[in-house]
Amino acid sequence: MSEGTNTSSAQAATQAAGRPTFEVVWSSLAPFIGLALVVLIFVVYQWLVTPERPFLSQYRMTLIAKQTAIVGMGALGMTVIIISGGIDLSAGSLLAVTSVVLAVSLRAGIDPVVCVLLVLAVGMASGLINGLLITGLRLVPFIVTLGTMMAFRGVAEIVSDNKKVSYQDAPNWLSTLLNAPPEGSYQGVATGVWIVLALALLLAIMLRYTVFGRYVFAIGSSEATARLCGVNVPGMKLTVYTLGGLFMAVAGIFAFANLGSQGSPTEGVGLELSIIAAVVIGGGSLSGGRGSVLGSLLGALMMTTLESGCGYAGLCTVIQRVIVGLIIVGAVAVDQFVHAQRR
């Protein structure tokens with residue numbers, strides 16, 4: 001074999017070995033880079049336009065933390081769903097259902113702990129319905145969850161009589177979940193933020209070190225191959241969507257606290273887009289098989305920082321939606337480009 005051939009083979013081997021490394025590094029750093037760019041944009045805007053009104057004020061950081069807890073909780077459930085090759089467009093409507101159920105049950109005089117358990121059960125049952133429709137009818141998740149998005153919103157309107165339901169006598173441990181702790185408190189951040197971080201750690205361990213996690217990635221990478229390897233694909237899908245519903249139920253409890261102890265049938269409209277965007281920005285692939293808990297949380301923080309920054313800059317909601325849409329398209333395009341290099 002000639003020296004030129006040996007050199008070419010060595011270069012090809014080096015490139016092949018480097019691509020996965022580049023892919024891993026990019027997947028790890030991209031969410032941090034995106035978040036840093038968003039913060040930098042609005043900090044520069046502050047310097048140029050509103051130097052007397054700081055962007056990273058205590059008020060704004062508290063607001064971002066509240067919204068990140070809600071979006072981040074939803075993103076945890078969506079991460080598992082997207083890794084498995086699915087999607088859930090009903091997430092925002094399910095948040096409305098669970099927040100309304102919590103408010104109505106509290107007003108009915110039910111013990112608060114029982115109310116919380118009821119809300120969690122409603123969330124899991126709703127997720128299970130999505131899973132049953134997808135596996136039982138063999139329909140694509142996009143169509144099923146598009147339908148249940150409308151159905152769940154209708155249920156929220158029926159349960160609440162199409163109006164906000166308030167309950168101002170909710171216990172402090174429930175109504176102050178997203179409140180900033182007293183100044184000087186050892187707690188540091190709101191209780192809800194700690195709950196998100198604790199569940200994120202638990203979910204990360206499940207995805208990385210358990211059979212459940214390996215099956216979720218296997219189904220998302222190749223459902224047919226996973227089935228041939230003996231994975232109970234329908235059962236796993238039911239579990240994944242039920243778990244997603246559980247996380248959205250917790251997000252609904254957070255929304256109840258964030259709205260001042262009230263549930264609203266209009267809450268969470270369009271929230272599913274922010275949640276999906278957070279997962280995609282965090283390295284999740286809409287074709288399945290890829291995603292990370294840390295990346296999704298960073299994506300959620302980026303999305304809420306962006307939305308808060310748009311409000312800070314005086315941009316209307318319509319412009320914010322355009323920006324979110326472009327970010328989703330851009331994130332998917334970059335993801336496809338990066339992974340195409342490996343092929």
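The following paragraphs examine the structure supplied in this document. (Residues numbered from 1 in each chain as written. Predicted model: local features only at pLDDT ≥ 70, side-chain atom pairs only at ≥ 80, totals over all residues. Heavy atoms only, no water.)

So, on to the overall build of the chain. On a plain count of helices and strands, the chain comes out with 13 helices and two strands. Taking all 343 residues of the chain together, 46% fall into the buried category. Excluding contacts between residues fewer than 6 apart, the proportion of contacts in the chain whose partners are at least 24 apart in sequence is 78%. Put simply, the chain shows about 16,700 Å² of open surface, and 67% of that area lies on carbon and sulfur atoms. (Helix = DSSP H or I, 4+ residues; strand = E, 2+ residues; numbered from the N terminus. Buried < 20%, exposed > 50% of the residue type's maximum accessible area, 1.4 Å probe, protein only. Contact = heavy atoms within 4.5 Å. Areas by Shrake-Rupley, 256 points an atom, 1.4 Å probe, with all protein chains shown as cover.)

Next up on the list: the packing of aromatic side chains. Throughout the structure, instances matching the rule amount to three aromatic pairs. Ring plane angle 75 degrees and centroid distance 5.9 Å describe the contact between tyrosine 45 and tyrosine 312, whose orientation is recorded as edge-to-face. Placement of tyrosine 45 in helix H1 (residues 3-48) and of tyrosine 312 in helix H12 (residues 293-312) is noted, with a sequence separation of 267 residues between them. Judged by its relative accessible area of 25%, tyrosine 45 is partly exposed. Ring pairs connect the aromatic residues Phe42, Tyr45, Phe55 and Tyr312, which therefore count as one cluster. (Phe/Tyr/Trp six-rings, centres within 6.5 Å; stacked < 30°, edge-to-face > 60°.)

Inspection of every chain in the model, using the stated rule, returns two salt bridges. Arginine 227 serves as the salt-bridge partner of glutamate 223, at 3.0 Å between the closest nitrogen and oxygen. Of this pair, glutamate 223 and arginine 227 both sit in helix H9 (residues 223-228), four residues apart, which is roughly one turn of that helix. Judged by relative accessible area, which is 44%, arginine 227 ranks as partly exposed. In this structure, the salt-bridge partner of lysine 237 is glutamate 223, at a minimum N-O distance of 3.0 Å. Of this pair, lysine 237 sits in helix H10 (residues 233-258) while glutamate 223 sits in helix H9, placing them 14 residues apart in sequence. The class for lysine 237 is buried, based on a relative accessible area of 19%. (Salt bridge = Lys/Arg side-chain N within 4 Å of Asp/Glu carboxyl O.)

This next bit is on the environment of leucine 37. Note that leucine 37 resides in helix H1. For leucine 37 and methionine 302, which are 265 residues apart along the polypeptide, the C-alpha to C-alpha distance reads 9.3 Å.

It is worth spelling out helix H11 (residues 271-281) at this point. Owing to its 3.6 residues per turn, the α-helix brings residues three or four apart onto one side. Here H11 lies mainly inside the structure; ten of its eleven residues are buried. Directly beyond the C-terminal end of H11, a positive phi value near 110 degrees is found at glycine 283.

Take it as geometry only, folks, not as evidence of what the structure does.
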